[in-house]
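What the coordinates show
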Amino acid sequence: MAVVDVSEALKSLASTMESIEAVLDLDKMRADIAVLEEQAAAPSLWDDPDNAQKVTSKLSYLQGQLRKIEDLHGRIEDAGVLFELAETEDDADTRAEAEGELASLRKAVDELEIRTLLSGEYDEREAMVSIRAEAGGVDAADFAQQLQRMYLRWAERRGYSTEVLDTSYAEEAGIKSTTFAVKAPYAYGTLSVEQGTHRMVRISPYDNQGRRQTSFAGVEVMPVVEQTDHIDIPENEIRVDVFRSSGPGGQSVNTTDSAVRMTHIPTGIVVSCQNEKSQIQNRAAALRVLQSRLLAHRRAEEQAKMDALKSEGGNSWGNQMRSYVLQPYQMVKDLRTEHEVGNPQSVLDGDIEGFLEAGIRWRKQQEAPAS
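Let me begin by describing the structure that accompanies this report. (Residues numbered from 1 in each chain as written. Predicted model: local features only at pLDDT ≥ 70, side-chain atom pairs only at ≥ 80, totals over all residues. Heavy atoms only, no water.)

The nonpolar side chains of soluble globular proteins are, as a tendency, buried together. One finds Leu-147, Tyr-151, Val-182, Leu-191 and Tyr-324 to be the most contacted residues of the largest nonpolar core, which totals 87 residues. Sorting elements by how many residues they give to this core places helix 3 (residues 49-89) first, with 12 residues. Excluding its chain neighbours within four sequence positions, the residues that come into contact with Leu-191 are Ala-127, Val-129, Tyr-151, Trp-154, Val-182, Val-221 and Leu-356. (Core = buried A, V, L, I, M, F, W, Y, C linked by side-chain atoms within 4.5 Å. Buried < 20%, exposed > 50% of the residue type's maximum accessible area, 1.4 Å probe, protein only. Helix = DSSP H or I, 4+ residues; strand = E, 2+ residues; numbered from the N terminus. Contact = heavy atoms within 4.5 Å.)

For Asp-142, the position within the fold is in helix 5 (residues 137-157). Since its relative accessible area comes to 12%, Asp-142 is described here as buried. For the pair Asp-142 and Val-332, spaced 190 residues apart in sequence, the C-alpha to C-alpha distance is 17 Å. When near neighbours in sequence (up to four residues on either side) are disregarded, Asp-142 contacts Ala-173, Gly-174, Arg-202 and Tyr-206.

This next bit is on the packing of aromatic side chains. One pass over the structure, following the stated rule, counts 3 aromatic pairs. Note on Phe-143 and Tyr-324: the rings are 5.4 Å apart at their centroids and 70 degrees apart in plane angle, and the pair reads as edge-to-face. Within this pair, whereas Phe-143 is found in helix 5, its partner Tyr-324 is found in strand 9 (residues 320-325), the two being separated by 181 residues in sequence. Summarising the burial analysis for this pair, Phe-143 and Tyr-324 share the class buried. In this structure, Arg-261 packs its charged tip against the face of Phe-243, placed 4.4 Å from the ring centre. Taking the ring centre of Trp-362 as reference, the NZ or CZ of Arg-336 above it sits at 5.2 Å. (Phe/Tyr/Trp six-rings, centres within 6.5 Å; stacked < 30°, edge-to-face > 60°. Lys NZ or Arg CZ within 6 Å of the ring centre and 35° of its normal.)

In space, the 3 strands of this open sheet follow the order 6-7-8, with antiparallel pairing throughout. Edge positions in the sheet fall to strand 6 (238-243) and strand 8 (269-273), since each has one partner strand and no second. Looking at each pair of strands side by side, their axes are set apart by 20 degrees on average, direction ignored. The sheet contact formed by strand 6 and strand 7 (residues 259-264) spans 6 bridges and is antiparallel. Counted as the bridge partner of Val-240 is Met-262 from strand 7. (Pairing = 2+ DSSP bridges. Axes fitted to C-alpha atoms, helices over the stretch in contact; angles between N-to-C directions.)

Right, dumping it as structure tokens:
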């Protein structure tokens, strides 16, 4: 790599960092950290566990972002010094090390730049994720469970807290549906690009003739409701049914009718929760999920009105968006962004960063006004 190329590359990275910092507003970030640190130090913080979780989670996230920005500044400067040393001493090993660091820096800056694209109304919120098995019988139920594991593993890799609120198990294998929360700032903005229909093609382990099977699962991502949203639901608009929770294969895991199914009568939206031990806890969790669904429903209605005013007649959200092919070849491909990976197992183990980043960039391009 020529010296002039290195110099330009480092200048470009420094310029991108300046743009990122301008969007993220580091002064405001530091001020927010100071306020959150004061709240986190309050003796009464854990009197309200839900609020305490939000305060500590947001504080940890902002501190991590600030450290990452400061660290990248130092690394860019150090990379310049390393390249100068390599050229001065004509040292191939040092040059190779410097080029490797430059590639690593590009990747880190690109990842940080993604954060600046999360500027939607609810993007900074925690996320509520629902997955349901669709066409494909037992294979679809198994696929839905694999998707649940994929997202939970992704959250675990990033140190995000999760809470499974409801899981309805299928009779033979897998799950009919599940709902879980990802408790981290910007979880909604990040995961919302996963919404839509996912497709898997593989040799079915449940087909005794070993035939190839195509199965589908639907993913829905909702922002967690906050007090400012004013999602008030009159009691006469809700029907509550209680039932006995069950485990895999229809096995009863609770001898009391503690599970709760909640129906919003005006919209027909139905949610359930059975993972808590008491009916009261399940009812509270189900209400949180219902509020998130109604917020997403309201947002979808507003988006539909906006799309109706556009000449293109709206976008294709909710349609098939990703294929996981295990047979006759190995590939996971996003049908919107064209991003693809040749290692499905890695993706199903939670390595979805590339898909998330490509999806967020694609969404931003879709939102940009036509020239």
